[in-house]
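Coordinate inspection notes
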There are 2 protein chains.
Amino acid sequence: MTTSHLDALVDALRKLPGVGVKSAQRMAFHLLQHDRAGAQQLARALDEAVRGVRHCARCHTFTDQALCAICSDTHRDARQLCVVETPADQAALERTGSYRGYYYVLMGRISPLDGIGASALGAAGLMARATEGDVEEVILATSFTAEGEATAHVLSEGLKARGLKVTRLARGVPAGSELEYVDLSTIAHALVDRR
Amino acid sequence: MTTSHLDALVDALRKLPGVGVKSAQRMAFHLLQHDRAGAQQLARALDEAVRGVRHCARCHTFTDQALCAICSDTHRDARQLCVVETPADQAALERTGSYRGYYYVLMGRISPLDGIGASALGAAGLMARATEGDVEEVILATSFTAEGEATAHVLSEGLKARGLKVTRLARGVPAGSELEYVDLSTIAHALVDRR
Ligand SMILES: [Zn+2]
Ligand SMILES: [Zn+2]
């Protein structure tokens, strides 16, 4: 092996999404020159996460336990199940403090170009979860992008076929924005979804 | 300890320069969902780099050995010493194939705002290296930024005081560019440095 430790580190940093060779070099330089303790902390955190992080048996999000903290909380409203794409989306909803039901985390979205259809997305897991308990309403909170909409559409069909009420987050003008600066398709949707 | 492995990983990823909380979440999600082998490779590379990478005894760059590959090469021109800020700058010069002397890698540049003066930069190491052997000319290849220019200025004083010939990379119009699109200060410098 002729690769130096530095080259190996630059290569490994390029495994991170959005990191090209220039950023990887800058990161390696920074860690080795200014923050070796940070580099060791990152190595340990990666190791422990790979070993310790698994999927929640009920909602499929990342967790260190068999069940995540939210699924373990028996005081939430079991009649509502909110479907999100990622743990970050779930965290955003939790921060609003205005949802008290449970979640199902898809860990992705349908993306035909990447070969991810409903089955690769694990839609079967959602169908099982949505029909196993007291769920009455499934709120689809996938992104308002082409792929997120396609995901919502496909899941909606399956859920409705199982007799569940299916809703979608409202599209509309973001709070605090002036109409003049909002893009046209958002205004058009807000008009259609007016109440 | 109540922090989850996932939170600890997001925190650790934020040690990387230019990585905020959103990017760190996206990176952690990608590694755990799609590339656990990549995460383990990165953990190992960090560990080995922290353990194995040190500074070359002659030129101060990163190396796995006591002397780096370039300093170990006895076929280069010992009369020329090129001063660069980082290993990446050195690599860029090497790729041109038009320099056959040795290097000194500062591993930074003077930055009064960050409290990095000539001594923090290890200028003493450069002075020792420049005067120890057969060096006749020191080529200052620090950046053409305010900090890079300040660095070149300070080092130049010390090197000239030791009787060395000091040169600087030429400023000018980049190869392949149309004058119309080159910024004015570059054109002005190219006029002054015309040959
Ligand atoms: Zn869960
Ligand atoms: Zn060296």
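In this text, all values refer to a predicted model and were calculated from it rather than measured experimentally. (Residues numbered from 1 in each chain as written. Chains lettered and ligands numbered in written order. Predicted model: local features only at pLDDT ≥ 70, side-chain atom pairs only at ≥ 80, totals over all residues. Heavy atoms only, no water.)

For the pair chain B and chain A, the superposition axis carries a translation of 0.0 Å, the fit reaches an RMSD of 0.1 Å, and the rotation angle comes to 180 degrees. Expressed as a symmetry operation, the mapping of one chain copy onto the other fits a two-fold axis. Looking at the rotation axis and the C-alpha trace of chain B, the residue lying nearest is Ala43 of chain B, at 2.0 Å. Take the interface residues of chain B: 100% of them recur as interface residues in chain A, which is what a same-surface contact looks like. (Least-squares fit on C-alpha atoms with pLDDT ≥ 70 in both. Contact = heavy atoms within 4.5 Å.)

Now for the UniProt feature "zinc finger region: C4-type" (unreviewed entry) in chain A. Here, UniProt's "zinc finger region: C4-type" (unreviewed entry) annotation points to residues 56–71 of chain A. Spanning residues 56–71 of chain A, this segment combines 19% helix with 12% strand, and its end C-alpha atoms are found 8 Å apart. (UniProt positions renumbered as here; feature names shortened; annotations may be inferred. Helix = DSSP H or I, 4+ residues; strand = E, 2+ residues; numbered from the N terminus.)

Residue and element names in this part refer to chain A. Taken together, the protein donors to the zinc ion (ligand 1) comprise Cys56 (SG), Cys59 (SG), Cys68 (SG) and Cys71 (SG), at separations of 2.2 to 2.3 Å. For the zinc ion (ligand 1), the four donor atoms are set out with angles of 104 to 119 degrees between them, so the coordination reads as tetrahedral. Mapped onto the sequence, the donors of the zinc ion (ligand 1) take the spacing C-x2-C-x8-C-x2-C. (Donors = N, O, S within 2.8 Å, 3.2 Å for Na, K, Ca; no water. Tetrahedral: all angles 85-135°; square planar, octahedral: opposite > 155°, others 65-115°.)

Residue and element names in this part refer to chain B. Structurally, Thr63 can be placed in strand β2 (residues 62–63). Given the relative accessible area of 8%, Thr63 is considered buried. At 3.0 Å, the side chain of Thr63 forms a polar contact with the backbone nitrogen of Gln65. The contacts of Thr63, once residues within four sequence positions are left out, are Gly52, Val53, Arg54, His55, Cys56 and Cys68. (Buried < 20%, exposed > 50% of the residue type's maximum accessible area, 1.4 Å probe, protein only. Polar contact = N/O pair within 3.5 Å; in protein donor to acceptor, adjacent residues only side chain to side chain.)

Residue and element names in this part refer to chain A. Counting buried residues along strand β4 (residues 101–105), five of its five residues qualify, which places the element largely inside the surrounding structure. Looking at chain direction, strand β3 (residues 77–84) and β4 are connected through five bridges and run parallel. Across the sheet, residue Val84 finds its bridge partner in β4, namely Val105. Chirality of the crossover, the property in question, places the unit of β3, helix α5 (residues 87–96) and β4 among those that are right-handed. (Pairing = 2+ DSSP bridges. Right-handed = clockwise from strand over helix to strand, strands pointing away.)

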